[in-house]
Amino acid sequence: MAVCVAVIAKENYPLYIRSIPTENELKFHYMVHTSLDVVDEKISAMGKALVDQRELYLGLLYPTEDYKVYGYVTNSKVKFVMVVDSSNTALRDNEIRSMFRKLHNSYTDVMCNPFYNPGDRIQSRAFDSMVTSMMVQVC
Amino acid sequence: MADAALFEFLHTEMVAELWAHHSDPGPGGQKMSLSVLEGMGFRVGQALGERLPQETLAFREELDVLKFLCKDLWVAVFQKQMDSLRTNHQGTYVLQDNSFPLLIRMASGLQYLEEAPKFLAFTCGLLRGTLSTLGIKSLVTASVASLPTCKFQVVIQKT
């Protein structure tokens, strides 16, 4: 279960960022910000490699002692960054991929919403509830 | 196919509606209507540019994006592929459609040549919007030599 989810536009500003323990939010914001460098590195590495298949899922970006950060980039260069609790029994790769796929689908729905201007912060309640369902249940 | 006809009818009505309410019949008013149509196409293109490539892998270079436009986008919107794509390898691409579905019902040949640009404005915006979501700033213009063949010229803006 994710602890923090962020959607970053192609110009590298956040379109949506939400974390679960609402105190200490700044720490997660900072983590997402530093992970952007790793994302850029992976994207440019993909470009140089002569691999035919270029995947959208970037995988584990970097681990810290408490958290692991995963990344995913879409064809429109919008990045999704997810911070996951390390102490959680290791989430399988498949589960992370399916969470990113759900995020991508919801983001596409937000894009197709006529009341949404591309480039604005995401305020859709449907998107919010989808992200809530992915995050940790803090009781 | 019934689905294709739905969009064609809607598009025809959009053009007719914009032209009917001409308070300024001179060239200024016409340009406004053309840019309204192009703007509509742009927003639709932005959304399509997000939804259509969802399952495809990341694009490697500009030419891949243009090929995606000619194949997947055209098939999704017009149920056929673009007939030819040419480039000068310096940022200009010419996409040619020999039987453009929005023009094919009108005439075949030179009749209605002056009316044709109105029916291409939305599609120009569509191309520009999709390119903009995929990270390419461009300028798209259309030209018709004889219906229903039309060419879309895409000029990439280098920033």
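Above this text sits the structure in question.
Residues numbered from 1 in each chain as written. Chains lettered and ligands numbered in written order. Predicted model: local features only at pLDDT ≥ 70, side-chain atom pairs only at ≥ 80, totals over all residues. Heavy atoms only, no water.

1. Considering the overall build of chain A
Basically, it comes down to this: Here a helix means four or more residues in a row that DSSP labels H or I, a strand means two or more in a row labelled E, and each is numbered from the N terminus. Exposure categories follow from relative accessible area, calculated using a 1.4 Å probe and restricted to protein chains: below 20% of the type maximum is buried, above 50% is exposed, and the middle band is partly exposed. Two residues form a contact once any of their heavy atoms are found within 4.5 Å.
Counting its regular elements, chain A contains three helices and five strands. Buried positions account for 43% of the 139 residues belonging to chain A. By sequence separation, contacts in chain A at least 24 residues apart represent 55% of the contacts at least 6 residues apart.

2. Describing the overall build of chain B
Selection criterion: We compute the radius of gyration from the C-alpha atoms alone; for a globule the expected value is 2.2 Å times N to the 0.38, where N is the number of residues. Surface accessibility follows the Shrake-Rupley procedure with a 1.4 Å probe radius. Residue values consider only the protein chains on display as shielding.
Helix and strand content of chain B: five helices and four strands. Ordered by position in the sequence, the α and β elements of chain B form the string α-α-α-β-β-α-α-β-β. Against the 2.2 N^0.38 benchmark of 15 Å for 159 residues, chain B shows a C-alpha radius of gyration of 16 Å, consistent with a compact globule. Across its three principal directions, the C-alpha atoms of chain B cover 45 × 35 × 30 Å. Of the roughly 8,200 Å² of accessible surface on chain B, 57% is carried by carbon and sulfur atoms.

3. Considerations on the environment of Phe100 of chain B
Residue and element names in this part refer to chain B. Note on placement: Phe100 falls in the loop between β2 (92–97) and α4 (101–104). Residues Phe100 and Met82 lie 18 residues apart in sequence; the distance between their C-alpha atoms is 8.9 Å. Setting aside anything within four residues of it in sequence, one finds Phe100 in contact with Trp74, Phe78, Phe119, Leu120, Thr123, Pro148, Cys150 and Phe152.

4. Focus on the packing of helix α2 (residues 93–112) of chain A against helix α3 (residues 125–134) of chain A
Residue and element names in this part refer to chain A. The following threshold applies: Each axis is a line fitted through C-alpha atoms, and for a helix only the stretch in contact is used; angles between axes span 0 to 180 degrees, taken between their N-to-C directions. Should an angle fall under 35 degrees it is taken as roughly parallel, and over 145 as roughly antiparallel, whereas 65 to 115 is taken as roughly perpendicular and any remaining angle as oblique. Under the convention adopted here, Pro, Cys and the residues Ala, Val, Leu, Ile, Met, Phe, Trp and Tyr are nonpolar, Asp, Glu, Lys and Arg are charged, and Gly plus all remaining residues are polar.
Relative to each other, α2 and α3 sit at 170°, their axes nearing to 10 Å. As judged from the angle between their axes, α2 and α3 are roughly antiparallel. Across the interface between the two elements, Met99, Lys102, Leu103, Ser106, Tyr107 and Val110 of α2 pack against Phe127, Met130, Val131, Ser133 and Met134 of α3. Along the lines of polarity and charge, the residues of the contact of α2 with α3 split into eight nonpolar, two polar and one charged.

5. Notes on helix α5 (residues 118–133) of chain B
Residues and elements named next belong to chain B. Short version of the rule: The span you would expect from a helix comes to 1.5 Å times its residue count less one.
Along its 16 residues, α5 runs 24 Å from first to last C-alpha, staying within 8% of the 22 Å computed at 1.5 Å per residue. Across the 16 residues of α5, 15 count as buried, placing the element largely inside the fold. Looking one or two residues past α5, Gly135 carries a phi angle of roughly 95°, positive in sign.

6. A short note on the nonpolar core
Within soluble globular proteins, side chains that are nonpolar generally end up buried alongside one another. Under the convention used in this document: Among buried residues, those of type Ala, Val, Leu, Ile, Met, Phe, Trp, Tyr and Cys that are joined through side-chain atoms within 4.5 Å constitute a nonpolar core.
In terms of nonpolar packing, the biggest core is built from 39 residues, with Leu95, Phe100, Leu103 and Phe152 of chain B touching the most fellow members. Those elements that provide at least two residues to this core are α1 (2–20), α3 (62–78), β2, α4, α5, β3 (138–146) and β4 (149–156) of chain B. Ranked by residues supplied to this core, first place goes to α3 of chain B with nine residues. Counting residues in hydrophobic clusters, the runner-up holds 29 residues, among them Val7, Ala9, Val110 and Ile122 of chain A.

7. Here we look at the packing of aromatic side chains
Residue and element names in this part refer to chain A. The following threshold applies: For Phe, Tyr and Trp, rings pair up if their centres lie within 6.5 Å, where Trp contributes its six-membered ring, and each pair is then called stacked (planes under 30 degrees apart), edge-to-face (over 60) or tilted (otherwise). Only lysine NZ and arginine CZ atoms are considered, and such an atom sits over a ring when it is within 6 Å of the ring centre and within 35 degrees of the ring normal.
Applying the stated criterion across every chain yields a total of 13 aromatic pairs over all chains. Arranged with centres 5.9 Å apart and planes meeting at 75°, the rings of Phe80 and Tyr107 form a pair that is edge-to-face. Remark: Tyr107 occurs in helix α2 and Phe80 occurs in strand β5 (residues 79–85); sequence separation between them is 27 residues. Accessibility assignment for this pair places Phe80 and Tyr107 in one class, buried. Sitting over the face of the ring of Phe28, Lys27 holds its NZ or CZ atom 5.3 Å from the ring centroid.

8. Details of a nonpolar patch on the surface
Residue and element names in this part refer to chain B. The line we're drawing: Two distance rules govern patches: like charges are joined within 9 Å, and nonpolar side chains (Val, Leu, Ile, Met, Phe, Trp, Tyr) within 5 Å, applied only to residues with over 30% relative accessible area and no salt bridge. Salt bridge, as used here, is a side-chain nitrogen of Lys or Arg placed within 4 Å of a carboxyl oxygen of Asp or Glu.
Where nonpolar side chains cluster on the molecular surface, the patch consists of Met32, Val36 and Met40 and spans about 250 Å² of accessible area. With respect to the element layout, Met32 can be found in helix α2 (residues 27–51). On the basis of relative accessibility, which here comes to 54%, the residue Met32 falls in the exposed class.

9. With respect to the pattern of salt bridges
Residue and element names in this part refer to chain B. Per the stated rule, a full pass over the model turns up nine salt bridges over all chains. We note a salt bridge from Glu8 to Arg105, for which the minimum N-O separation is 3.8 Å. Of this pair, Glu8 sits in helix α1 while Arg105 sits in the loop between α4 and α5, and the two are 97 residues apart along the sequence. Its relative accessible area of 17% is what places Glu8 among the buried residues. Accessibility expressed as a relative area gives 68% for Arg105, which makes it exposed. Here Lys118 makes a salt bridge to Glu115, at a shortest N to O gap of 2.8 Å. Members of the salt-bridge network, linked through shared partners, are Lys80, Asp83 and Asp97.

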